[in-house]
Structures are given as C-alpha cells and as structure tokens.
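Survey of secondary and tertiary structure
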Amino acid sequence: MLRNYIGDQKTWSGLNILPGPLVEAYKNGNVLLFDEINLANPDCLQFLKDILVSNEICIDIPGMPYERIEKNPGFRLIATQNPKKGSFDKMRQKLGFGFLSRFKVITFDKFSEEELNQIASGLAKKFGYAGNLDIINDLVKLHMKWSDSPDRINDLDMKSSDDIQCLTIRELAATIKALS
C-alpha cells in the first residue's frame, strides 16, 4: 500500500522500493478505490483514518530517510463495503463513526427484478451465453422469490432476514459463466 518492493539487479540489495498506489494517489491527487474496505486489518483502517485526519503520510522505514507526504487537494478515496452479516460476518470490521465521517456514505437499495434481469442479460452477453434466455430470467425469478420468501425470513435458524441470499450478483455471474 505504501511501498512496492521490486527486484532490481542494478541495486546492491537487489531490490528497489517504489511508492505504492496509496502514496502515489495521495501525493498526485488521484482517485483511489478500496473494495470491501471493512475486510481490511484494523491497523490498516486506523492508518487510513489517521492520514485522512492529518492530511499527511509520514513514512519511517529503518535505514531510509524519514518522509513526510502532504495530501494533494485532488486526492479522493472511494471505499466500498458489504454488510457485516452472512458468511463473512466474523471477518468484516465494524467501521466506526470516526472513520465513516471521512466519507460521503451512499447506501444502495435492493435490486429490482428488472435491474437484476438487465444485469443477468449483460452477463450472458459478456460470457457469450448462446442458450435460452428464459433460463437466465428463471434464475433471477428464483432469486427474487427466495429473497422475499416468508419461510426464509421467519426461519428461526436465521440471525437476520438478510443473512442468506439465494443468488448474489457474484453467484449469478458464476452460474451464467458455467452455463456458457
């Protein structure tokens, strides 16, 4: 994140240390995307919070000069996360107010059946699916029916009605790819 270590036969150590993507974006005013940020290590999250608050990155690597990098006003950090539930519940961090207050939080509603059909049709085209599109539509209908099923929602074994999804977008994509 801060530094990339690459092999370099021209150096006495055989390594060259280059700025990592975070340092480059921070220094040059680029946009950086962190996908599923709430799966990050708590120390990493604390570091990100610190640099967003202080507007500087301080790098102190033994044997190298101390480096202070000021945040370029154009720097933007976009972070995505999935809810802290389901099969990854124990791996996801609960992001506190101090961290989240550094972001404009956007919450997306559940996909409609029409939106899922558009996504599934696009995936079918992307993966070169040449079969009957009714199968794709049936997959979407199965997802919608299962997601709204009172039996699933009222199941006493469930911690929450949102813990299990029949078909996530990732699973829908994998199914369509397998059909292709």
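Structure: see above.
The following refers to the structure shown. Bear in mind the structure is a predicted one, so any value in this text is a computation, not a measurement. (Residues numbered from 1 in each chain as written. Predicted model: local features only at pLDDT ≥ 70, side-chain atom pairs only at ≥ 80, totals over all residues. Heavy atoms only, no water.)

1. Some words on a nonpolar patch on the surface
- The grouping of Val31, Leu33 and Ile78 at the surface amounts to a nonpolar patch, some 290 Å² of accessible area in total.
- Looking at where valine 31 falls in the secondary structure, it is placed in strand 3 (residues 31–34).
- Given the relative accessible area of 55%, valine 31 is considered exposed. (Patch = residues over 30% accessible without salt bridge, like charges linked within 9 Å, V, L, I, M, F, W, Y side chains within 5 Å. Areas by Shrake-Rupley, 256 points an atom, 1.4 Å probe, with all protein chains shown as cover. Salt bridge = Lys/Arg side-chain N within 4 Å of Asp/Glu carboxyl O. Helix = DSSP H or I, 4+ residues; strand = E, 2+ residues; numbered from the N terminus. Buried < 20%, exposed > 50% of the residue type's maximum accessible area, 1.4 Å probe, protein only.)

2. A look at helix 7 (residues 169–179)
- Where helix 7 is concerned, the buried positions are Leu172, Ala173 and Ile176. The buried residues of helix 7 occupy an angular sector of 100 degrees when the element is viewed end-on, so they sit on one face. Relative to its buried face, helix 7 has exposed residues pointing more than 90 degrees away, namely Arg170, Lys177 and Ala178. (Arc of directions from axis to C-beta.)

3. Side note on unusual backbone geometry
- Positive phi outside glycine occurs at glutamate 36, with the angle close to 50 degrees.
- Mapped onto the elements of the fold, glutamate 36 is located in the loop between strand 3 and helix 2 (42–54).
- Of note, the phi angle at asparagine 55 is positive, near 65 degrees, even though the residue is not glycine.
- Inspection of the secondary structure assignment puts asparagine 55 in the loop between helix 2 and strand 4 (56–59).

4. Description of the packing of aromatic side chains
- For the structure shown, the criterion picks out two aromatic pairs.
- Consider the rings of phenylalanine 99 and phenylalanine 103, whose centres lie 5.3 Å apart with planes at 45 degrees: the pair is tilted.
- Judged by relative accessible area, which is 6%, phenylalanine 99 ranks as buried. (Phe/Tyr/Trp six-rings, centres within 6.5 Å; stacked < 30°, edge-to-face > 60°.)

5. Things to note about the nonpolar core
- Ranked by size, the top nonpolar core spans 20 residues in total, and within it Leu22, Ile57 and Phe75 carry the most contacts.
- Residue assignment for this core shows that the elements contributing at least two residues are helix 1 (21–28), strand 3, helix 2 and strand 4. (Core = buried A, V, L, I, M, F, W, Y, C linked by side-chain atoms within 4.5 Å.)

6. Observations concerning helix 5 (residues 133–147)
- Across its 15 residues, helix 5 extends 21 Å between first and last C-alpha, which sits within 8% of the 21 Å expected from 1.5 Å per residue.
- Here helix 5 has its buried residues at Ile136, Leu139, Val140, His143, Met144 and Ser147. Looking straight down helix 5, one finds that the buried residues subtend no more than 130 degrees of arc, so they occupy a single side.
- Between a side-chain oxygen at the N-terminus of helix 5 and the backbone nitrogen of aspartate 134 the separation is 2.7 Å; the capping residue is asparagine 132. (Expected span 1.5 Å × (residues − 1). Polar contact = N/O pair within 3.5 Å; in protein donor to acceptor, adjacent residues only side chain to side chain.)

Just geometry here; none of it tells us what the structure is for.
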